[in-house]
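Coordinates in review
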Amino acid sequence: MPPGTGQGGETHQTAGVGQPLLTSNQGLPVADNQNSLHGGYRGPTLLEDFLLREKITHFDHERIPERIVHARGSAAHGYFECLRDCSEWTTASFLSKPKKRTPVFTRFSTVAGGAGSVDTPRDVRGFAVKFYTDEGNFDLVGNNIPVFFIQDAIKFPDLIHAVKMEPDRGFPQAASAHDTFWDFVSLMPESLHMIMWAMSDRTIPRSLRMIDGFGVHTFRLVNAAGEWRFVKFHWRAGLGVESTTWDEAVKIAGADTDYHRRDLWEAIERGDFPTWELGLQVFDQATADSLPFDVLDPTKVIPEEIVPIEVVGRMVLDRNPSNFFAETEQVAFCPSHLVPGLDFSNDPLLQGRLHSYLDTQLSRLGTPNFHQLPINQARCPVANFQRDGQMQMQVPTGRVAYEPNSLGSRLPRESPERGFNSLPLEETGPKQRLRPESFADHYSQARLFFRSMTAPEQGHMINALAFELGKVETGAVRDRVLSHLVLVDETLAQAVADKLGVAAGSISAATPARTPQDLPPSPTLSQVASRAGGLKGRHLAMLVAEGADAELVSTTRQALEKARARVSVIAQKIEGVKLSDGSLLKADGALAGSPSCLFGAVIVLGGEEGMQPLLGHPAAQDFLRDAWRHLKAIGLDAAGQQLAQAAGIGNDDAVLMLSDRKTVARYLKVAAAGKHFAREGQPGTDV
Ligand code: HDE
């Protein structure tokens, strides 16, 4: 028998010089990792096989309970760089000095789907940042939308039960388009503002690198004099906010379930590090009192036009996790993790979260020692008298595990000066279960949001509402939602009703707790307005057929790379194509697995003859048909135009002929502008 081969022919990988020995978890060198211990030549496996049992038992316990919400996530390491001395507002050391860097770990997530669901459902995205500051960990556990569905934590389990899979049938997975969700919404008008955001393009992002983040609640900043101000946290994506269309998101879900995870990973591996600015809206009690809504109500924004956002730092994500489970899965965020110089507000949603996250980590990670996991460890000294518990990783020494004490030396002590002091705020009033009167206006900001959108964005919201309600089986639920939409905006309600086939005039308005007001529109809420423009960080596809002009291919590629876009060459066969000069152009993707929905803009180049096999090819036709439908810039040479004709796509300002450097430059300009919304309404598009 040759060395390294077992009797059954299986391959053994034995340790060579300098290679570590494979061992059991106790360090016992393993001789055979391919075969269990048998009693007899073809006999039963023996209970004695402790190596088999150790390996299988470990495997059986590999999964931990997934997060009840935000189960599917992707994360990265990086740093936060302070850009402004914020000591007039806060003593928080990570905001104290320009250029000061604080390590961070940031996890993005979808909310409703399970850990194995897809990346591109219509859903809010979690945006949770752990700052490892020199005064302890600060977790800013936010979302990519600045408001929330509910005002009081006691409604959270109801909201989540409504949006998750319906409990009897176990579907739909990762989707809000079903009866229970809209039933809940229709009976909870406080969710209306968030619904407007959820039905906007924000919930179908192109990339996790292209979402903004928000702390949602009002927090407090406290300075050295003990003076406090309110604050709202905003993360602004360096690449700007960009979204897919709905049809594109659906198709991506089929083509690449890991689309966002892969995109984030690959960008960081390439050295194309995503960045965000951290901005603060800082305001005092007098400003809060002057607003027509309550700043403790998490269903409200404070428009930037009223309280401007001041940029105080930036975050760069520059390192992928080394191990998905150890880091992305085991990271434990808690809004109660804060540092001196920050404090909470009385937002009743935030107050409930202060309890929930610690509790959930105990259930998920199984022990109050979860802070000892490497990803959760503070990067500053941690010392106290908490002891023992499951999975205790430390070995505390000495006989003193209590305070006050006098028996030890160099034991941890309190510091009234440097320690965290809750603000000594006075609270008065009867103890009761209530919703403050100041939380009663559920429609004015929903209206403000809708009316602040550009026309294409409004159109997408109407389509999204019609799609979601079109999936609702119960007519009474659909009608009830429409009765709220009337109060948001009559044209919106009418447009949705038309798409559902509900007769004009048959929708009656709900009775609002407070009459909605017309607030001045806030153009900064529109994501089109906040789009950064440019091709940097965008992923484009070049579909190349045999015989394509080598010079044009190289000119186009160079120009795109100079604009710092990522270009993927797609060919019918993964080995690539021969160009006009006989050289082989390697492909990054085969046509069958690389539909155009995966890319921000597309180009099709080929030799006339080489293009022939693609003209009748459904995947090639769909490549262009979808690029057209998804409002993308399309660059074509003569052969590409033949394919466009075969696919039956239209022609407009964002379909460009490519022949030389000049035409390529024109294409780049058009592609840099993002989606070509002017195309909407043309045959083959969605509106
Ligand atoms: Fe969460 N939320 N949440 N949430 N949340 C969780 O904690 C909860 C809320 C958010 O990447 C859970 O560790 C309650 C608002 C993010 O690990 C859980 C309430 C916002 C993440 C929980 C809210 C968020 C979570 C599940 C209402 C935006 C993922 C697993 C009172 C500001 C963090 C976990 C990560 C995760 C509870 C509302 C954001 C169960 C009770 C509002 C980004 O503890």
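Calculation criteria
- Residues numbered from 1 in each chain as written.
- Predicted model: local features only at pLDDT ≥ 70, side-chain atom pairs only at ≥ 80, totals over all residues.
- UniProt positions renumbered as here; feature names shortened; annotations may be inferred.
- Domains from an automatic or database assignment.
- Contact = placed C-beta atoms within 7 Å.
- Helix = DSSP H or I, 4+ residues; strand = E, 2+ residues; numbered from the N terminus.
- Nonpolar A, V, L, I, M, F, W, Y, C, P; charged D, E, K, R; others polar.
- Near = placed C-beta within 6 Å.
- Pairing = 2+ DSSP bridges.
- Axes fitted to C-alpha atoms, helices over the stretch in contact; angles between N-to-C directions.
- Parallel < 35°, antiparallel > 145°, perpendicular 65-115°, else oblique.
- Buried ≥ 20, exposed ≤ 12 C-beta atoms within 10 Å, placed from the backbone.
- Arc of directions from axis to C-beta.

Named according to an unreviewed UniProt entry, the protein chain is Catalase originating from Aquincola tertiaricarbonis. According to the UniProt record, the Cofactor (unreviewed entry) comment for the protein chain reads "heme". Looking at the Sequence similarities (unreviewed entry) heading of the UniProt record, one finds this comment for the protein chain: "Belongs to the catalase family."

1. Some words on the domain arrangement of the protein chain
When cut into domains, the protein chain gives domain 1 (73–154 + 201–376) and domain 2 (539–679). Computed over C-alpha atoms only, the centres of domain 1 and domain 2 are separated by 37 Å. With 10 residues of domain 1 at the interface, the matching set in domain 2 holds nine residues. The dominant element in the side of domain 1 that touches domain 2, judged by the number of residues it contributes, is helix H5 (residues 246–255), at five residues. Here the side of domain 1 that touches domain 2 is built from residues that sort into three nonpolar, one polar and six charged.

2. Regarding the site of the ligand
If you check the shell around the ligand, you find 24 residues, and the closest are Arg-67, His-70, Gly-126, Ala-153 and Val-216. Broken down by element, the residue count for the shell around the ligand peaks at six residues, all from helix H9 (residues 348–365). Residue composition of the shell around the ligand, grouped by class: 12 nonpolar, nine polar and three charged.

3. Comments concerning the pairing of strand E8 (residues 275–283)
Here strand E7 (residues 228–237) runs beside E8; their pairing, made up of eight bridges, is antiparallel. Looking across to E8, one finds that Lys-232 is bridged to Gln-281. Strand direction decides the pairing type here: E8 and strand E9 (residues 310–319), joined by six bridges, are antiparallel. Considered in E9, the bridge of Thr-275 is made with Val-316.

4. Some thoughts on the packing of helix H12 (residues 475–488) against helix H13 (residues 490–500)
It is at 6 Å that the axes of H12 and H13 come closest, and there the two elements cross at 150 degrees. Between H12 and H13, the interaxial angle falls into the category roughly antiparallel. Of the residues in H13, those in contact with Arg-478, Leu-482, Leu-485, Val-486 and Val-488 of H12 are Glu-490, Leu-492, Ala-493, Val-496, Ala-497 and Leu-500. Grouping the amino acids of the contact of H12 with H13 by side-chain chemistry returns nine nonpolar, no polar and two charged.

5. Some details on the pairing of strand E4 (residues 136–143)
Two faces belong to every sheet, and in a regular strand the side chains alternate between them. Judged by how many residues are buried, E4 sits mostly within the fold: seven of eight residues are covered. Here strand E3 (residues 125–133) pairs with E4 via eight bridges, running antiparallel. Paired with Thr-133 across the bridge in E4 is Gly-136.

6. Quick notes on helix H15 (residues 608–615)
Regarding H15, the residues found buried are Gly-610, Met-611 and Leu-614. Around the axis of H15, the buried residues are gathered within 95 degrees of arc, so they sit on the same side. Away from its buried face, by an angle of more than 90 degrees, H15 presents the exposed residues Glu-608 and Glu-609. In this structure, the buried side of H15 is in contact with strand E13 (577–578), helix H16 (618–629) and helix H17 (638–647).

7. As for the UniProt feature "domain: Catalase core" (unreviewed entry) in the protein chain
Feature annotation in UniProt assigns "domain: Catalase core" (unreviewed entry) to the following positions: residues 23–411. A helix fraction of 22% and a strand fraction of 19% characterise residues 23–411, whose end C-alpha atoms lie 39 Å from each other.

8. Examining unusual backbone geometry
The omega angle of the peptide bond from Phe-171 to Pro-172 is 0 degrees, so this bond is cis rather than trans. Assignment of secondary structure puts Pro-172 in the loop between helix H2 (156–163) and helix H3 (179–187). Going from Glu-403 to Pro-404, the amide bond is cis rather than trans, its omega being 5 degrees. Inspection of the secondary structure puts Pro-404 in the loop between H9 and helix H10 (444–452). Positive phi is not limited to glycine here, since His-70 has a value of about 60 degrees.

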